[in-house]
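What follows is the residue order along each chain.
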Amino acid sequence: MEEGRRGIVATVFSTASAVGKTLIAINMAAELVREGYHVCLVDLDLQFGDVANYLHLEAEYSLADAQREAKTNTEGFDVKKFLTVYGYQGWSFYVLPAPFALEEAYNISTPAVQHILQQLQLDFDFVVVDTTSAFSEMNLAVMDMSTIITFLGIVDFIPTIKNMKIGCDTIRSLGYEANKIRIVLNRSNSKTKIDLADVEQLLGEPFYHVLPNAFEPARKSIQTGVPLVYSSTNALSTELRALVERYTNRTSSHESSSSGVSSWFKKIFN
Amino acid sequence: MDYRVILIENNRVMLERLSSVVRGIDGYELDARYQQAGDALGQGKMFQPNLILLDIDVPQNLALIPEFTDAFPGAALLCLSSNWNANNAAQIVKAGAKGYLLKPFTAQEFIEAVHTFGRSGMAASSETLAFFSPKGKSGKTTLVANLALSLARKSGEGVGIIDADLQFGDMAVFFNLSPQSTIVEAVRDIEFLSPITLNSYFLEVPEVDNLRILCGTKKPDYAELVDIEPFEEVVRMAQSLFRYVLIDLPPGFNPVSISAAELSTQTYLVAMIGGGFEIQHMRRAMEIFKAWPDYGKRVKPVFTRVEPCTDEQRQWLSREMDFPVDAILPNEYLLVSAAANNGRMAVDNRSGTVFADNINRLADEIIGRRKMR
Ligand SMILES: Nc1ncnc2c1ncn2[C@@H]1O[C@H](COP(=O)(O)OP(=O)(O)OP(=O)(O)O)[C@@H](O)[C@H]1O
Ligand SMILES: Nc1ncnc2c1ncn2[C@@H]1O[C@H](COP(=O)(O)OP(=O)(O)O)[C@@H](O)[C@H]1O
Ligand SMILES: [Mg+2]
Ligand SMILES: [Mg+2]
């Protein structure tokens, strides 16, 4: 990799919980590796992160350890020391898990996370970030830093759709390039009486990509700790691969946004 | 019914001002007014009042409340003060007053105070139930909405929901309400509110006249406008307005969820069974609540979407949690989501289902606990 070149930050975000952020972040990382990229997956669901759970990782260090070291050893800090390798049949990627203790999670600072992500950008082609479903200060800072945001939604019942709409409008109001945000629908054929076209109309744009509902493969993937794109061929893994392919074919979106964290609140109201 | 009112107000100017408000309202007759409480106690009986307004900015008057209730057993006593104070409120209710009203008041505030407190009085002690979940999609809002309805119907007493899921509160959608005022305005204005004026920020639920809801923010960025101290004041004031206060919270540990849990008499930990790591997350959350000396009584785990929804399953979950699980709800996805989609709740629609039965049982337990105190 060229000196000073900074990798892509691909963030997975949503405004409803349990829509599949973690599953998609994991499979995005895994598929990028299959495509030959050097990838790190960061779990920013600080309190109840599932990345290490879903991958059955026994990590020695977490984001909290990295933050501690970054604070005490500013000069010599090397984030790589805190990563855990996930490997499967010759494919591997790096993981920075969420803090192990809730007290640690509560004390993670946004600037430390920004600093750690910036370091990772120097070492990896892709830094894939899993988040929580809230417009927190940290999520906003990370979205600012992101090259691309996968805004994930599902269509199950009205409150979720309301929150997807509010989330979309809020993200749009942050002033990012339209191309930076990809609205992806997950679990599309799950039980619901709501028409997708109506939802697209409400959101004001079509879904960039649609992922099918595949309950059993998803469950099995979590149970075995193996990403879907590695272990199985089914409608979901096929679409996950297709999504990642669409991302990597785009060269125009590789530029990283450099705007700092201004209060999102201000941005929304000007 | 016509009200015969006696007004005690030490400040001469204020006395005039309040008198003219009361005189101007149809159905209210101002029979006597005094600057000194002693005069009212000695002379007021002449008029057989059924409503007494007592100025408690005069500290000695607080101590006279029991004498007033003794001397005027047929009258409701409302205390008047120029500022709201949760401690005072609790004290006056214990002493026998029905409620508390900020002065000066408008005719409308006054009428509403009489209406709200006249029947059942202000809550001297309330059950405050906070609903915490480690992660979202726990079935928490569904539980709060249905449980509140059940509590309102079964107890007949005042039930208030505070939707404190600040960024993505769903309560308004669940009840099909379009709030003019939300938690943001309540928190903004709390300094100037009394229970009566706060009451109007809570929306009425059609057909359930003892259930009211303080809805969540309309946009996630408004969440920034909610500071913790005034939020806590809203909760405390709601406690004197309702017998049961249910607080829906954002997922995880954050300033709002922590402070609501601290203010609660009971904190429910809620998770939905989904074949993931939810039991593990609940155990981790429980560890934090163990810092409370009384956590064993105060924390109540609830699991939703439990199949099969049997007592064996509840016992199994209790063993996994190493802590008794208080309630389990069955997988009723279609029933509850259809109800929420239509702004109608499941329990009301169809009792006799396992879902409704378990919610109703939980409500009975809460009502029973309150009566024990
Ligand atoms: N396309 C899909 N088909 C079937 N099941 C899915 C699909 N996507 C996700 N799931 C399942 O949905 C559940 C929630 O997924 P996941 O944990 O990835 O969501 P999340 O958005 O990270 O949730 P949280 O906000 O709680 O962190 C998991 O059990 C997962 O296996
Ligand atoms: N007991 C249950 N069984 C099946 N689905 C449920 C149950 N309770 C809630 N749900 C569904 O789960 C989703 C999330 O519920 P909600 O109450 O909004 O959770 P939260 O407030 O924790 O996010 C909704 O689609 C709801 O209809
Ligand atoms: Mg997740
Ligand atoms: Mg909710």
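These numbers come from a predicted model, not from an experiment.

Undergrad: Any chance you could explain the domain arrangement of chain B here in plain terms?
TA: Quite often, the size of an interface is put as the accessible area lost when its parts meet. All names here are of chain B. Entries for chain B in the domain assignment read domain 1 (3-120) and domain 2 (127-372). On a C-alpha basis, the centres of domain 1 and domain 2 stand 35 Å from each other. Between domain 1 and domain 2, the residue contacts involve eleven residues of the former and 14 residues of the latter. Carbon and sulfur atoms supply 66% of the area that domain 1 and domain 2 bury against each other, a total of about 980 Å² over both sides. If you look at where domain 1 meets domain 2, you find zero salt bridges. Taken together, the connections running from domain 1 to domain 2 amount to one residue pair in polar contact (both at pLDDT 80 or more). Those elements that provide at least two residues to the side of domain 1 that touches domain 2 are strand S5 (99-102) and helix H5 (107-120). Here the element with the most residues in the side of domain 1 that touches domain 2 is H5; it accounts for six residues.

Undergrad: Got a minute to help me understand empty space enclosed by the protein in this structure?
TA: One way to see where empty space is left: roll a probe the size of a water molecule over the atoms. All names here are of chain A. Evaluation of the coordinates by the stated rule reveals three cavities of 30 Å³ or more. In this model, the second largest cavity occupies a volume close to 50 Å³. Lining of the second largest cavity is provided by Leu23, Ile26, Asn27, Tyr54, Leu55, Ser221, Ile222, Val226 and Pro227. Taken together, the elements giving at least two residues each to the lining of the second largest cavity come down to helix H1 (21-34) and helix H9 (215-224). The dominant element in the lining of the second largest cavity, judged by the number of residues it contributes, is H1, at three residues. Class assignment for the residues of the lining of the second largest cavity results in seven nonpolar, two polar and no charged.

Undergrad: Help me understand the pattern of salt bridges, please; the structure alone is not making it clear to me.
TA: Pairs may arise between side chains of opposite charge once their charged atoms sit close together. All names here are of chain A. With the rule as written, the count across this model stands at 29 salt bridges over all chains. The residue Asp78 makes a salt bridge to Lys80 at a minimum N-O spacing of 3.6 Å. Where Lys80 meets Asp123, a salt bridge forms, and the shortest distance between an N and an O atom there is 3.2 Å. Note that Lys80 is positioned in the loop between helix H3 (63-72) and strand S3 (84-88) and Asp123 in helix H5 (residues 110-123), a separation of 43 residues in sequence. For Asp123, a relative accessible area of 23% puts it in the partly exposed group. In this structure, a network of salt bridges that share partners links the residues Lys165, Asp169, Arg172 and Glu205.

What counts, and at which threshold
- Residues numbered from 1 in each chain as written.
- Chains lettered and ligands numbered in written order.
- Predicted model: local features only at pLDDT ≥ 70, side-chain atom pairs only at ≥ 80, totals over all residues.
- Heavy atoms only, no water.
- Domains from an automatic or database assignment.
- Contact = heavy atoms within 4.5 Å.
- Buried area = accessible area lost by both parts, 1.4 Å probe.
- Salt bridge = Lys/Arg side-chain N within 4 Å of Asp/Glu carboxyl O.
- Polar contact = N/O pair within 3.5 Å; in protein donor to acceptor, adjacent residues only side chain to side chain.
- Helix = DSSP H or I, 4+ residues; strand = E, 2+ residues; numbered from the N terminus.
- 1 Å grid on protein atoms, 1.4 Å probe; cavity = no way out; pocket = protein on both sides within 12 Å on 5 of 7 lines; lining within 4 Å.
- Points joined across faces, edges and corners; volume = space filled by probe spheres on them.
- Nonpolar A, V, L, I, M, F, W, Y, C, P; charged D, E, K, R; others polar.
- Buried < 20%, exposed > 50% of the residue type's maximum accessible area, 1.4 Å probe, protein only.

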